[in-house]
Amino acid sequence: MNTAHVASPAFPTYLSHARKCSRYLQRTLDTDTGLQEWLQNSFDTSCSSEEMYRLLNDSGFNLQDEIELGRALRHLRKQVMLKLILRDLNGLCGLDEVMQAMTTLAEVCIRQAQDCLMRAMAAQFGQPLGEHSKTPQSLLVIGMGKLGGGELNVSSDIDLIFVYAEDGETDGPRVLGNHEFFTRLGRRMINLINELTADGYVFRVDMRLRPYGDSGPLVMSFAALEEYLVSQGREWERYAWIKARVISPAEHPQIAELEKLARPFVFRRYLDFGAIDSMRKLHAQIREEVRRRDRLNNIKLGPGGIREIEFIAQVFQLIRGGRDAELRIRPTQAVLRALSAKGQLSLEIARMLDDAYILLRNLEHRLQYLDDQQTQALPDKPEDQELVAQAMGFTDYPALLSVLSGHREKVGEQFEQIFGAPETGSADENLWQDGLDTDNLSADLVKLGYRQSGETAERLQQLRLGSRYRQLPDNSRQRLDLLVPQLIKLAATTADPDATLSRLLGLLEGISRRSSYLAFLAEYPESLNLLTRMVAASSWAAEYLMQHPMLLDELLDAREIYQAPDWGQIESKLQRALEDCGDDAERQLDLLRHAQQEQTFHLLAMDLQEQLPLEKLSDHLSELADLMLRHVLELGWRSVRKKHCEQPRFAIVAYGKLGGKELGYASDLDLIFLYEDDHPDAQENYARLAQRINTLLSSYTASGRLYETDLRLRPNGASGLLVSSVAAFEDYQQHNAWVWEHQALTRARFCAGDATVGAKFEDIRHRILCQPRDVADLRREILAMRQKMHDGHPNPTALFDIKHDRGGMVDIEFMVQFLVLAHAQQHPALTGNIGNLALLNLAAELALIPSGAAEQTRNLYRTLRKIQHRLRLNNDGPCRIAPEEVDTHACRELWHLLLE
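Our subject in this report is the structure included herewith. (Residues numbered from 1 in each chain as written. Predicted model: local features only at pLDDT ≥ 70, side-chain atom pairs only at ≥ 80, totals over all residues. Heavy atoms only, no water.)

**Thoughts on the nonpolar core**
Under the convention used in this document: Put simply, a nonpolar core is a bunch of buried Ala, Val, Leu, Ile, Met, Phe, Trp, Tyr and Cys residues held in one set by side-chain atoms that sit within 4.5 Å of each other. Type-normalised accessible area, obtained with a 1.4 Å probe on protein chains alone, sets the label of each residue: buried when under 20%, exposed when over 50%, and partly exposed for intermediate values. Counting from the N terminus, the helices are the DSSP runs of H or I reaching at least four residues and the strands are the DSSP runs of E reaching at least two.
In this structure, Trp241, Leu531, Phe650 and Ile652 are the most contacted members of the largest nonpolar core, which totals 172 residues. If you tally residues by element for this core, the top one is helix α29 (residues 614-639), at 12 residues. Ranked by size, the runner-up nonpolar core spans 68 residues in total, among them Cys21, Phe43, Leu73 and Phe181.

**Concerning the packing of aromatic side chains**
Quick note on the threshold: Stacked, tilted and edge-to-face are the three classes assigned to paired rings of Phe, Tyr and Trp, where Trp is represented by its six-membered ring and a pair needs centres within 6.5 Å; plane angles under 30 degrees give stacked, over 60 edge-to-face, the rest tilted.
Scanning the model with the defined rule gives 17 aromatic pairs in all. A centroid spacing of 5.4 Å and a plane angle of 90° characterise the contact between Phe181 and Phe182, whose relative ring orientation is edge-to-face. Like Phe181, the residue Phe182 is buried in the burial classification. Arranged with centres 5.8 Å apart and planes meeting at 20°, the rings of Phe650 and Phe673 form a pair that is stacked. You can see Phe650 sitting in strand β8 (residues 650-655) and its partner Phe673 sitting in strand β9 (residues 669-675), a full 23 residues away along the chain. Classification of Phe650 by relative accessible area gives buried; the value is 0%.

**Examining empty space enclosed by the protein**
The condition that has to hold: Only protein atoms enter the 1 Å grid used here, on which a cavity is any set of points holding a 1.4 Å probe that cannot leave and a pocket is any open set flanked by protein within 12 Å on both sides along at least five of seven lines; residues with an atom within 4 Å of a point are listed as lining. Grid points are joined across faces, edges and corners, and a volume is the space filled by probe spheres set on the points. In this count, Pro and Cys sit with the nonpolar residues alongside Ala, Val, Leu, Ile, Met, Phe, Trp and Tyr, while Asp, Glu, Lys and Arg are called charged and the others, Gly among them, polar.
In total, this model carries 4 cavities of 30 Å³ or more according to the counting rule given. Approximately 80 Å³ is the volume found for the largest cavity. In this structure, the largest cavity is lined by 13 residues; those nearest its centre are Thr746, Arg747, Gly835, Asn836 and Leu839. Secondary-structure elements contributing two or more residues to the lining of the largest cavity are α36 (809-823) and α37 (836-845). Of the residues assigned to the lining of the largest cavity, the class counts are 4 nonpolar, 7 polar and 2 charged. Roughly 50 Å³ of volume is contained in the second largest cavity. In terms of lining residues, the second largest cavity is bounded by Leu463, Arg468, Tyr469, Leu472, Leu480, Leu508, Glu509 and Ser512. The set of elements that each furnish at least two residues to the lining of the second largest cavity consists of α20 (467-470) and α22 (497-511). Residues belonging to the lining of the second largest cavity are distributed by class as follows: 5 nonpolar, 1 polar and 2 charged.

**Points about the layout of surface pockets**
By volume, the second largest pocket amounts to about 1,400 Å³. For the lining of the second largest pocket, the elements supplying multiple residues, two or more each, are α29, α30 (656-659), β10 (709-710), α33 (739-745), α35 (775-792), α36 and α38 (851-872). Among the elements that make up the lining of the second largest pocket, the one with the highest residue count is α36 (5 residues). Looking at the lining of the second largest pocket, its residues break down into 19 nonpolar, 13 polar and 15 charged.

**Considerations on the pattern of salt bridges**
Selection rule: Here a salt bridge means any side-chain nitrogen of Lys or Arg lying within 4 Å of a carboxyl oxygen belonging to Asp or Glu.
Tallied over the full model, the rule gives 48 salt bridges. The shortest N-O distance in the salt bridge between Glu310 and Arg307 comes to 3.2 Å. In this pair, Glu310 and Arg307 are both assigned in helix α13 (residues 306-320), 3 residues apart and thus about one turn of the helix distant. Comparing Glu310 with Arg307, the two get one shared label, buried. In the salt-bridge network here, residues are joined through shared partners; they are Arg23, Arg27, Asp371 and Asp384.

**Re the side chain of Gln868**
We count it as follows: Should any heavy atoms of two residues lie within 4.5 Å, those residues are considered in contact.
Summarising the element assignment, Gln868 is placed in helix α38. We classify Gln868 as buried; its relative accessible area is 7%. Excluding residues that lie within four positions of it along the chain, Gln868 makes contacts with Ile802, Lys803, Met809 and Cys879.

**Observations concerning helix α2 (residues 23-31)**
Rules: Working definition: the arc comes from the directions between the helix axis and the C-beta atoms, pointing outward to the latter.
For α2, the full list of buried residues reads Tyr24, Leu25, Thr28 and Leu29. Summarising the axial view, the buried residues of α2 lie within an arc of 120°, below the 170-degree limit, and thus occupy one face. Across α2 from its buried face, at more than 90 degrees, point the exposed residues Asp30 and Thr31. Residues of α2 that are buried in the fold lie against α1 (11-21), α3 (34-42), α5 (66-89) and α15 (347-369).

**Let's talk about the state of the cysteines**
Note the cut-off: In this description, a disulfide is simply a cysteine sulfur pair whose atoms lie within 2.5 Å.
Per the stated rule, a full pass over the model turns up 0 disulfides. Left unpaired, Cys93 is separated from the closest cysteine sulfur, that of Cys47, by 7.5 Å. As a non-bridged cysteine, Cys879 has Cys891 as the owner of its nearest cysteine sulfur, 17 Å distant. Exposure remark for Cys879: the relative accessible area of 6% places this residue in the buried category.

**Section: the packing of α35 against α36**
To keep things clear, this is the line we draw: To obtain an axis, a line is fitted to C-alpha atoms, over the contacting stretch when the element is a helix, and the angle between two such axes runs from 0 to 180 degrees between their N-to-C directions. Here roughly perpendicular refers to angles of 65 to 115 degrees, roughly parallel to angles under 35, roughly antiparallel to angles over 145, and oblique to all remaining angles. For a crossing to be left-handed, the near helix must be turned anticlockwise from the far one by less than a right angle; the clockwise case is right-handed.
Taken N-terminus to C-terminus, the directions of α35 and α36 make an angle of 160°; their axes are 11 Å apart at the nearest point. Relative to α36, the element α35 is oriented roughly antiparallel. For α35 against α36, the interelement crossing comes out right-handed. Contacts between α35 and α36 involve Val775, Leu778, Arg779, Ile782, Met785, Arg786 and Met789 on the former and, on the latter, Val810, Asp811, Phe814, Phe818, Leu821 and Ala822. Per-class residue counts for the contact of α35 with α36 are 10 nonpolar, no polar and 3 charged.

**So, the environment of Thr493**
Using the following cut-off: Two N or O atoms count as a polar contact when they lie within 3.5 Å, although within protein this holds only if one can serve as hydrogen donor and the other as acceptor, and sequence-adjacent residues are included solely when both atoms are side-chain atoms.
Residue placement: Thr493 occurs in the loop between α21 (474-491) and α22. The class for Thr493 is exposed, based on a relative accessible area of 66%. Once the C-alpha coordinates of Thr493 and Glu855 are considered, the two residues, 362 residues apart in sequence, prove to be 40 Å apart. Among the polar contacts listed, one links the side chain of Thr493 to the backbone oxygen of Leu490, at a separation of 2.5 Å.

**As for the packing of α5 against helix α8 (residues 178-194)**
With their axes 9 Å apart at the nearest point, α5 and α8 run at an angle of 45° to one another. When the interaxial angle is binned, α5 and α8 end up oblique. Facing Glu66, Leu69, Gly70, Leu73 and Arg74 of α5, the residues of α8 in contact are Arg188, Asn191, Leu192, Ile193 and Asn194. Taken together, the residues of the contact of α5 with α8 break down into 4 nonpolar, 3 polar and 3 charged.

**Focus: the environment of Tyr450**
Among the secondary structure elements, Tyr450 is positioned in the loop between α18 (438-448) and α19 (453-465). Classification of Tyr450 by relative accessible area gives buried; the value is 3%. Residues Tyr450 and Asp498 lie 48 residues apart in sequence; the distance between their C-alpha atoms is 6.0 Å. The contact partners of Tyr450, leaving out residues within four places of it in the chain, are Leu445, Thr456, Leu487, Ile488, Ala491, Ala492, Pro497, Asp498 and Leu501. Within the local environment of Tyr450, its side chain forms a polar contact with the backbone oxygen of Ile488, the two atoms lying 2.7 Å apart.

**Brief notes about unusual backbone geometry**
Glycine aside, residues mostly have negative phi, and peptide bonds are mostly found in the trans state. Here the amide bond leading from Ser248 into Pro249 is cis, since omega sits at 0°, within 30 degrees of zero. Here Pro249 shows up in the loop between β7 (245-248) and α11 (254-266). The residue Ala847 is not glycine, and still its phi comes out positive at about 65°. Position of Ala847 relative to the elements: it lies in the loop between α37 and α38. You can call Ala847 exposed: its relative accessible area is 65%.

**Regarding the pairing of β9**
Put simply, the rule is: Whether two strands pair comes down to DSSP finding at least two bridges between them. Convention used here: a crossover is right-handed provided that the path from the first strand, over the helix, to the second strand proceeds clockwise when the strands point away from the viewer.
The buried fraction of β9 is high, at 7 of 7 residues. Pairing between β8 and β9: 6 bridges, direction antiparallel. In the sheet register, Ala654 faces β9, and the bridge partner there is Leu671. Bridge count for β9 against β10 is 2 bridges, and the pairing is parallel. Bridge assignment links Asp670 to a residue of β10, and that residue is Asp710. Regarding topology, helix α31 (residues 682-698) serves as the crossover connection from β9 to the parallel β10, and that connection is right-handed. Sheet analysis places β9 next to strand β11 (residues 723-725), joined by 3 bridges and oriented parallel. Opposite Tyr675, over in β11, you have Ser725 as the bridge partner.

Written out as structure tokens, the structure is:
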């Protein structure tokens, strides 16, 4: 059977076009005529690693001989180049195939060279072993730049860094230290790949991105690399290391260790807005070099070129990659897609940049196809201009330039939008300068509308002359100097300029030690308007931002910040992020804290703009707490060492504000823990789980705290067991619970954990609340407890305490609880956890209370909650108002009717 490849009739046409547009292809085929037959038989399939290894194995060269391997690799490069040129110029493949094939070629060549040379050196010196681990050590070859990103161009050099895990020495008859062994191996690899011979070269090798550059050691241990990155790594190196990838060997257990070592250097744990200015300065240096060398026609380094697209993609990675693992990817186009999906770039902008990137990279390759030269400069010779235009599919060179100029102009505009120096507005610098006395400053503040100008001027002077300001790094001090005059002007537009500016200055002082946050405000001055409005409306908001300054980033997108939460979407996104953390419990907990803070801040922003009714706000805050409890329970169970089952038969029950879905921003969580599990280890394991949950919720770390907790509502209070079995809980509620504990049960609900255990709790709750009771005894018990609470919260002022005074919120809540406990036996619907307002309405429908009194009391409760909420946004003290602000008469009448 004849299996010979049938030549394509289109090949001569393809070959003719390729010969016309590539002098390199012409010369190579004319020099080695056998390559044309091979090309004719193989051009219609894509370049793959399998094909490259097959070509090497069929080459007839001894791949274990250093000299012969060098010849084989150089021949392989010619084959791959010819095939790519012919396929690309004739539209048989796209940019992806070209970049991937060249990257694969580099990987195959480096791996073959390393394998051959490592065998030879190990035979001479033995295997390098770790000094402490005594395990075999390998040289890890890191590909940087386009090689690391899988985007290598056809005539590119390759940027490499050589590292190894552990110092030590070889175990052969001629002992070498690991550093010396790997240095020799690295030099031989470079020579094998880089050296120009009669057969050409494989790749030009550039080692200048290694630590200390040309003056540094050729190879470096992990420990030395880490010390360098921590103590001497520069900003531009962070940019370079984004694309760093171990390319040889293909797999190795120490690759994960290396990635873990480098990640904190590249990706900060906080949002790193200082990266914008760092990359702006780096690009300014590149542009100056371009102008100095007259390289404005360079499509890589010139305006609107490839480098600017890469910078746009990578600055977002540097800023956000520490917090978002999905941005720790290498290919530029993939980064653009991710940024669009995450709303950091609009879909339109991302597509524009991607289209420009494809055009520029295709043009780059056609410039290099001419003579296999590493160039990105547009040609000067008319004949080359026409060849490049034809290779790009244009009728002539001016047509190509017209399209190219349009793309470069759009890229340049987007680059300037991101990296251009931020507009600082027209703030008066006289408001913030050395040598300005307090009296003159006070006079200027009066003109702006400040009413306590003397105190405010004094505050500004204290900040200007204070040690904290003087000790700031130059960059941070310059940013503060830009910000303060703007904030003075913005605060002057609010209802209380003095209070607003005081809060803003406190926030600036609080974040000034973290330069990234000052950089954010300086880079995005448009965020200052929203920031000013928020802190003007709420001192609590200012304090919350001071505690969690990473939330400043949320000010960037005013549309998103005012979107009501989609809890299903939030849950899915959080779950993916937690999975990306692997088994790192600390990172997972930090992620939960940030997610909680981010959603709280979004709700706060909507609240301050009066876009959320208070009841809806409480529902959202309660849903957020439930979400956090579900994940904390899962995280806590994972940390229990001797688990007796895969999934805990364990439930978290919420009481109080969370139980009644009336949670506020700073509310603590009243929780109890239940289980139903007969295993001998159940009690001990679930006690550990409960303790772990409480610790995870309430412990302070650098990223803050999730919630303050109160566990005293469990059976027997603080002296009782931390967890109870369902049976023990039921027995306690039936025989030992006080009336006030049954009152608390009216607002309890299952909120996280095993649904079966949760359903059993709800059943117990229902039966307890529906028990028959002596109403007179119940009334007496509730009155006694109400008096005890009243005595515990004395009000020595003439103001009305909206929570604890007679006719206030506690009275209303006690009346609702009395109605439930007194009448649920006859009216089980009263056991529904539907909130105080709905229960008052239901009681009126059941004719248990007059409908008019019910409606007036409902309105009062709603009003008191709104007042309490408003006061707590600006005051930590007791919520007290002038008595005439509210009418409590109907509430007092209803109290008299029910309980006196």
